[in-house]
2 protein chains.
Amino acid sequence: MPQSVISRLTRYLAHVQTLCAQDIKWISSQDIADNLGLTSSTVRQDLSYLDFSGVSKRGYETGGLEKVLSAILGADVQWKMVVVGAGNLGKALALHEEFSRRGFNIVGIFDADPKKIGKKVGDLAIMGQREIPMVIAENKVDIGVIAVPSSSAQSVADMLIMSGIKGLLNLALTHIVAPKHIPVVDSRVVASLLELSHTLKFGR
Amino acid sequence: MPQSVISRLTRYLAHVQTLCAQDIKWISSQDIADNLGLTSSTVRQDLSYLDFSGVSKRGYETGGLEKVLSAILGADVQWKMVVVGAGNLGKALALHEEFSRRGFNIVGIFDADPKKIGKKVGDLAIMGQREIPMVIAENKVDIGVIAVPSSSAQSVADMLIMSGIKGLLNLALTHIVAPKHIPVVDSRVVASLLELSHTLKFGR
């Protein structure tokens, strides 16, 4: 499935979850399209990747759609994560309840600064980075979140990869090089702001 | 310029800034491509949008490239921002030094919770949401950052738009509907994690 489709499916899931919470039982591809600023043919094409059909004149049943979207996005699986970097961003992520609600469970938070070690972030005590390999091995951690400054992002990624992590979420501004079998997803707030500033400066 | 090109240009800028900081004076399209996991023809094509040429056998001069990339991305402009939502994520963003270093200056942070009003986030005191229109008008604020729960994201967006904001950075998981002339950029960490979990579950 193309990355662009996966990316839109995450938005459909968020929208369908909102509808389910509001007890709305049916949604048309046109409704989804209008709500997310897409065309209904894009939505229909994307949803054709799923093993789920709409019903003529009613559209898609929201509960069923949520289930298949969750399954295809792996949102029905429980994942174990560690966060490296207990700065403001790392702490915010470790405390963000949206993660655990969606099956992303943080089992450890680490920092290079000895003064931070032992301090609490929610229920977790900050650990030193030398404990990363042990925590990852003992807990069979799936995902490493990199919330350190750009200058140390690559060395932290290397340490996580050597410790047996399966995938990385990179919050640093810099690019991270990883072997082909380790997926790296970038989530860069500053990059989003630069996209916005281009649009504000030059229009669309 | 297509959105995908703008998105890659933000990554070239981050990379070139790193090189400049390391005093590296020349970079080839192949170097950029290798470092960011792209093909050199994509890089050359993207850079052809810029009013900047490479030099045969040496490549691109990093200082000049940084300047034109900054200009095209609006990174050479000073922008005024407000952050709505003084939860963990909103506070982390308000304290993130990367913003001001790149010309994104936060002039106000707001929260709906009366208990938070008056508390300090860095140099800023948290204000109540009813002060949003006044602060935006008085400071001619350009960008509103939405760091509130999904359930109130749209009403906060509406208030920011009515107050005269020019663009929105949406950190909530939900989609935001805005008039055509107000660009909205989503930066959704949870969505990035869902993309990662799809890849971990099904491979690429």
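Above: the structure in question.
Here's a quick rundown of the structure.

Analysis parameters
- Residues numbered from 1 in each chain as written.
- Chains lettered and ligands numbered in written order.
- Predicted model: local features only at pLDDT ≥ 70, side-chain atom pairs only at ≥ 80, totals over all residues.
- Heavy atoms only, no water.
- Contact = heavy atoms within 4.5 Å.
- Buried area = accessible area lost by both parts, 1.4 Å probe.
- Salt bridge = Lys/Arg side-chain N within 4 Å of Asp/Glu carboxyl O.
- Polar contact = N/O pair within 3.5 Å; in protein donor to acceptor, adjacent residues only side chain to side chain.
- Helix = DSSP H or I, 4+ residues; strand = E, 2+ residues; numbered from the N terminus.
- Nonpolar A, V, L, I, M, F, W, Y, C, P; charged D, E, K, R; others polar.
- Buried < 20%, exposed > 50% of the residue type's maximum accessible area, 1.4 Å probe, protein only.
- Pairing = 2+ DSSP bridges.
- Right-handed = clockwise from strand over helix to strand, strands pointing away.
- Least-squares fit on C-alpha atoms with pLDDT ≥ 70 in both.

### Some remarks on the interface of chain A and chain B
Part 1: Of the residues lining the interface, 62 residues belong to chain A; the matching set on chain B comes to 62 residues.
Part 2: With both chains or domains summed, chain A and chain B bury close to 5400 Å², and 70% of this area falls on carbon and sulfur atoms.
Part 3: Among the residues of chain A in contact with chain B, Leu193, Leu194 and Leu200 of chain A are the three that bury the most area, contributing 11% of the side total.
Part 4: Our count for the chain A to chain B interface comes out at two salt bridges.
Part 5: A salt bridge links Lys201 of chain B to Asp76 of chain A; its shortest N-O distance comes to 3.1 Å.
Part 6: Put simply, chain A and chain B have ten residue pairs in polar contact (both at pLDDT 80 or more) between them.
Part 7: At 14 residues, the largest contribution of residues to the side of chain A that touches chain B is made by helix α9 (residues 189-202) of chain A.
Part 8: Along the lines of polarity and charge, the residues of the side of chain A that touches chain B split into 35 nonpolar, 16 polar and eleven charged.

### Details of the pairing of strand β9 (residues 167-170) of chain B
Residue and element names in this part refer to chain B.
Part 1: Here β9 shows no split at all, with Gly167 and Leu169 on one side and Leu168 and Asn170 on the other all buried.
Part 2: For strand β8 (residues 143-146) and β9, the ladder comprises four bridges, and the chain directions are parallel. By the bridge assignment, Val145 is partnered in β9 with Leu169.
Part 3: Handedness of the crossover joining β8 and β9 through helix α8 (residues 150-162): right-handed.

### Some words on the relation of the copies chain A and chain B
Part 1: Laying chain A over chain B is done by rotating through 180° and shifting 0.0 Å along the axis; what remains is an RMSD of 0.1 Å. On this basis, the relationship between the two copies can be described by a two-fold rotation axis. No C-alpha of chain A approaches the rotation axis more nearly than that of Ala92 of chain A, which lies at 3.2 Å.
Part 2: In this assembly, 98% of the residues forming the interface of chain A have copies in chain B that are likewise at the interface, indicating an isologous arrangement.

### Focus: the pairing of strand β4 (residues 104-111) of chain B
Residue and element names in this part refer to chain B.
Part 1: Taking burial as the measure, the eight residues of β4 include six buried ones, the bulk of the element.
Part 2: Pairing geometry for strand β3 (residues 79-84) and β4, over six bridges, is parallel. Looking across to β4, one finds that Met81 is bridged to Ile106.

### With respect to the pattern of salt bridges
All names here are of chain B.
Part 1: If you walk through the whole model with that rule in mind, you get ten salt bridges over all chains.
Part 2: Of the charged contacts in the structure, one is a salt bridge between Asp111 and Lys116, with a shortest N-O distance of 3.8 Å.
Part 3: Since its relative accessible area comes to 9%, Asp111 is described here as buried.
Part 4: Judged by its relative accessible area of 27%, Lys116 falls in the partly exposed class.

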